[in-house]
Amino acid sequence: MSAQLDSYLDTLNPVQRAAVTNTKGPVLVVAGPGSGKTRVLTFRIAYLIEQGAAPWEILALTFTNKSAREMKERIGKVVGERAGGVWAGTFHSIFARILRVEARHIGYPSDFTIYDTDDAKSLIGSIIKEMNLDKDIYSANAILQRISSAKSNLITPARYAQNAELMQQDKAARMPLVYKIYETYTARCKKAGAMDFDDLLYRLFELLQNQSEVLDKYRAKFRYLMVDEFQDTNYLQYAILRKLCHYDGSERNICVVGDDAQSIYAFRGATIQNILDFESDFKNFGIQVFKLEQNYRSTSHIVQAANEVITYNRRQIQKRIWSDKGEGQRIRLLKTMTDNEEGNRVADTIVEQKNRDHLRNSDIAILYRTNAQSRVFEEYLRRYNIAYKVFGGMSFYQRKEVKDLIAYLRLVVNPNDEEAMRRVINYPRRGIGDGALDKLAGLANQTGKSIWEIIPEAPVPARTRNSLDEFATIIREAQSRQQQANAYEIADFMARRSGLLQLINADTSIEGMGRQENFNALLDAIKSFVEEDSVMDAGSVPDKSLASYLQNIALLTDFDESEDETKDRVSLMSVHSAKGLEFKSIFLVGLEEKLFPSFMSMDSPDGLDEERRLFYVAITRAEQLLTLSYANARYRFGKMTYNPPSRFLEEIPAHLIDSPVGARSTGMTRPVDTGAAAPRPVSESGSRVSGAFPTRRAAAPAFQMDPKDFKPSPSDQIAAGQRVLHLKFGEGKVTSIDGGADNRVATIVFKLSDPPEKKIMLKFAKLQILE
DNA sequence: AGGGCGCGATTTTTT
DNA sequence: ATCGCGCCCT
């Protein structure tokens, strides 16, 4: 064994090391948050290679490109170039890679197109229209979900139609023909030479099921399987894994790593059942279970809170996460009157933490349940001049201008791609209207041909004929260049020849400029794909063709964040997006009933458990500081709503939470002191329930100033006798300072507040020294 | 064919 | 509030 790996192994704790070095037979690693899961996974792969396994015998599956990339990099650091040979990637990308090799077995071209969710929905929309169904009842979204879930449970269209329960559900939803749409959808994808995301899994399963030589080939090839985030796998994914390693004569070298408490994707088919099944499926084959319970991320107050909260869930794998990082600060709770004030208080507290704890912006994240909540925080961070970045929202590859050009490129590689065809056949406008398109589509369906194949022979008016021929010429011109031209050359040609570039450059509005930027960024990205030679997969010759580019990006959702990593910004993101990340300081906001837990999930016990796991994920992102907040009132869907504090707040033991600093900034004479736990009277109408809510007027602070003009001084400089300015209370005089070190309390007499004398914890202080 | 207006819905997200 | 979609009018 290399000295290097030896020294790496020395950095592991005994359980981690056992999980790394027990390489034979089935292994389940239950990995709590911050328990060094990724290290275990990567060292395990490195260890296997050191022990003589060939890199290409190792299959390591993840969910996101990011974690796949990270894993490859880290393996590379231990075993060097050999890391390139490991089959490490996302489920979808690895399976797509196999499917391209084996495509002929299932009647697909090897450069099949991958439909993203938009393509899939749009195809379903077309089918609904063709079948003359009411699209208000048959929603493309709902149907895609039905189809997706059917595939994830290995239900073919034929079996769907025979499944009484599914048919009954469809009937109840007044959509009895979903099975028919599913059938048509499948046929149309195949005709278009396209697979949706689920197909990448489903078709691989089919392939392994039906072609025993292919199955044998991959069974022999992948002697070692490794799966990250196993709690997020669905039935289909586990079925494929079992096919690959669970059979007579198999060594069953499979290692899955996951945390049932962090399963937050049940809504899209993930099932904890897989973890539970894994144990029983491999019970008789020497399964070993390792629990990584030491948390290296967070201080123990945070870990204790997480442990306690999760006990409220009904089922879970028993474990006790612990930390030796010391107790740390207690969890802070911000109670505010409105969502607006919440934004203000959070921004304010960020300033405080930056001063007091010497945090950088990039040490801090604001997490929320729904993306719509980001707005108010953006507003206040801007006011306070704090750099931030909002994650989530529309990704680069979902932008219209980007998808338009890519659609042209997709047609060059696969002109049967129906969704790409529909997208751009008349964009930019070239006189092929809905009527003409319907006719083409109708003919295509009758003859079993694709729209592309029907174009030359369709009987259409002369003007339309001209337009169609012109369009087909554009595609063919690009196709004829494919042999000698690389991806960038074709894209550049197509951008002009299609008229997209001219169209986009003609738009000089603000949004138009943004679109130009995106369009150019896409061209730049294609250029760098052509220029850089960073192909990590073993044995593959750098392939700069357009087909290769499209395969590369089909499974990408965004650009690398490398540009932003260098910038020092506060991160704003949904709790879901925060999974796997960590920050010194976390602000978890909007902790109100119906928001977190979401009203969509809170009615079912399963839904509620998932919300609680989400809460668990959120609080375990914090290394040192955790601040929770809620607002009594917030604008939602255009009107003011009033909800009691989240039940999850009650589930955190009180001694872990800092005594509330409640109405500090509301300017109220009577503090709102219902405590985090006590639900308060709710008034849905917005009229006052006696004493429960001050009206907006009453809540208005006695003093107001523009936060932009407010520059808080470091709290350790505050001393008795000073004149100070407070953002809400205005000008005041410090009469005395009590308490020591971390807990200094200033008594200040404010000119404008009632009562004038207030005691303010300096560690929370937002005071500007005036002299 | 294209623009504009009105209505309705509205978590979370990777691939 | 906001966004997307669909329908209707020009």
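Read on for an overview of the structure. (Residues numbered from 1 in each chain as written. Chains lettered and ligands numbered in written order. Predicted model: local features only at pLDDT ≥ 70, side-chain atom pairs only at ≥ 80, totals over all residues. Heavy atoms only, no water.)

## Some details on the side chain of Ser571
Step number 1: Tracing the backbone through its elements, the reader meets Ser571 in strand E12 (residues 570-574).
Step number 2: Ignoring anything within four residues of it in the chain, the contact list for Ser571 reads Ile364, Ala365, Ile366, Lys389, Phe391 and Phe583. (Helix = DSSP H or I, 4+ residues; strand = E, 2+ residues; numbered from the N terminus. Contact = heavy atoms within 4.5 Å.)

## As for helix H17 (residues 374-383)
Step number 1: Those residues of H17 that sit buried are Ser374, Val376, Phe377, Glu378, Tyr380 and Leu381.
Step number 2: Looking at the buried residues of H17, the elements they touch are helix H16 (339-356), strand E10 (364-368), strand E11 (388-390) and E12.
Step number 3: Immediately downstream of H17, the backbone of Asn385 shows phi near 65°, a positive value. (Buried < 20%, exposed > 50% of the residue type's maximum accessible area, 1.4 Å probe, protein only.)

## Examining the sheet that holds strand E8 (residues 288-292)
Pairing between the strands of a sheet is mediated by backbone hydrogen bonds and can be parallel or antiparallel.
Step number 1: Ordered by their spatial adjacency, 6 strands build an open sheet running E3-E2-E6-E7-E1-E8, and the pairing between neighbours is parallel. With partners counted over all chains shown, the strands left at the sheet margins are strand E3 (87-90) and E8, one partner each. The average angle at which neighbouring strand axes cross in this sheet is 15°, direction not considered.
Step number 2: Relative to E8, strand E1 (residues 27-31) runs parallel, the two being bridged by 5 bridges. Bridge assignment links Leu28 to a residue of E8, and that residue is Val289.
Step number 3: Set on the sheet, helix H13 (residues 235-245) makes contact with strand E2 (58-62), strand E6 (224-227) and strand E7 (254-258); between it and E6 the angle comes to about 165°. (Pairing = 2+ DSSP bridges. Axes fitted to C-alpha atoms, helices over the stretch in contact; angles between N-to-C directions.)

## Focus on helix H20 (residues 434-447)
Step number 1: For H20, spanning 14 residues, the distance from its first C-alpha to its last is 20 Å, which sits close to the expected 20 Å at 1.5 Å a residue.
Step number 2: Residues of H20 that are buried include every one of Ala436, Leu437, Leu440, Ala441 and Ala444, and no others. In a view along the axis of H20, the buried residues occupy a sector of 130°, so they form one face of it. Of the residues in H20, the exposed ones pointing more than 90 degrees away from the buried face are Asp434, Gly435 and Gln446.
Step number 3: Buried-residue contacts for H20 involve helix H10 (178-191), helix H19 (418-424), helix H21 (451-454) and helix H22 (462-481). (Expected span 1.5 Å × (residues − 1). Arc of directions from axis to C-beta.)

## Side note on the protein's contact with DNA strand B
Step number 1: Surveying the vicinity of DNA strand B reveals 27 residues, the closest of which are Arg369, Arg429, Gly433, Thr557 and Ser574.
Step number 2: In the environment of DNA strand B, a base oxygen lies 2.5 Å from a nitrogen or oxygen atom belonging to the side chain of Arg369.
Step number 3: Measuring from a phosphate oxygen of DNA strand B, one finds a backbone N or O atom of Gly433 at 2.8 Å.
Step number 4: Counted by class, the surface near DNA strand B contains 8 nonpolar, 15 polar and 4 charged residues. (Near = heavy atom within 4 Å. Polar contact = N/O pair within 3.5 Å; in protein donor to acceptor, adjacent residues only side chain to side chain. Nonpolar A, V, L, I, M, F, W, Y, C, P; charged D, E, K, R; others polar.)

## Some thoughts on the protein's contact with DNA strand C
Step number 1: Taken together, the neighbourhood of DNA strand C is formed by Lys135, Phe637 and Gly638.
Step number 2: By atom count, sugar and phosphate contribute 20% of the portion of DNA strand C lying within 4 Å of the protein.
Step number 3: Within the backbone of Phe637, one N or O atom sits 3.5 Å away from a base nitrogen of DNA strand C.

## Brief notes about the packing of aromatic side chains
Step number 1: This model, assessed by the stated rule, comprises 19 aromatic pairs.
Step number 2: Measuring from ring centre to ring centre gives 5.2 Å for Phe63 and Phe91, while their planes differ by 50°; the resulting arrangement is tilted. Highlighted residues: Phe63 in the loop between E2 and helix H4 (65-79) and Phe91 in helix H5 (residues 91-102), separated in sequence by 28 residues.
Step number 3: Judged by centre distance (6.0 Å) and plane angle (25°), the ring pair of Tyr218 and Phe222 falls under stacked.
Step number 4: Of the residues examined, Phe222 reaches a relative accessible area of 2% and is grouped as buried.
Step number 5: Lying over the aromatic face of Phe112, Arg100 brings its terminal NZ or CZ to 4.1 Å of the ring centre.
Step number 6: Arg268 extends its terminal NZ or CZ atom over the ring of Tyr265, reaching a point 3.6 Å from the ring centre. (Phe/Tyr/Trp six-rings, centres within 6.5 Å; stacked < 30°, edge-to-face > 60°. Lys NZ or Arg CZ within 6 Å of the ring centre and 35° of its normal.)

Nothing here speaks to function; it is all geometry.
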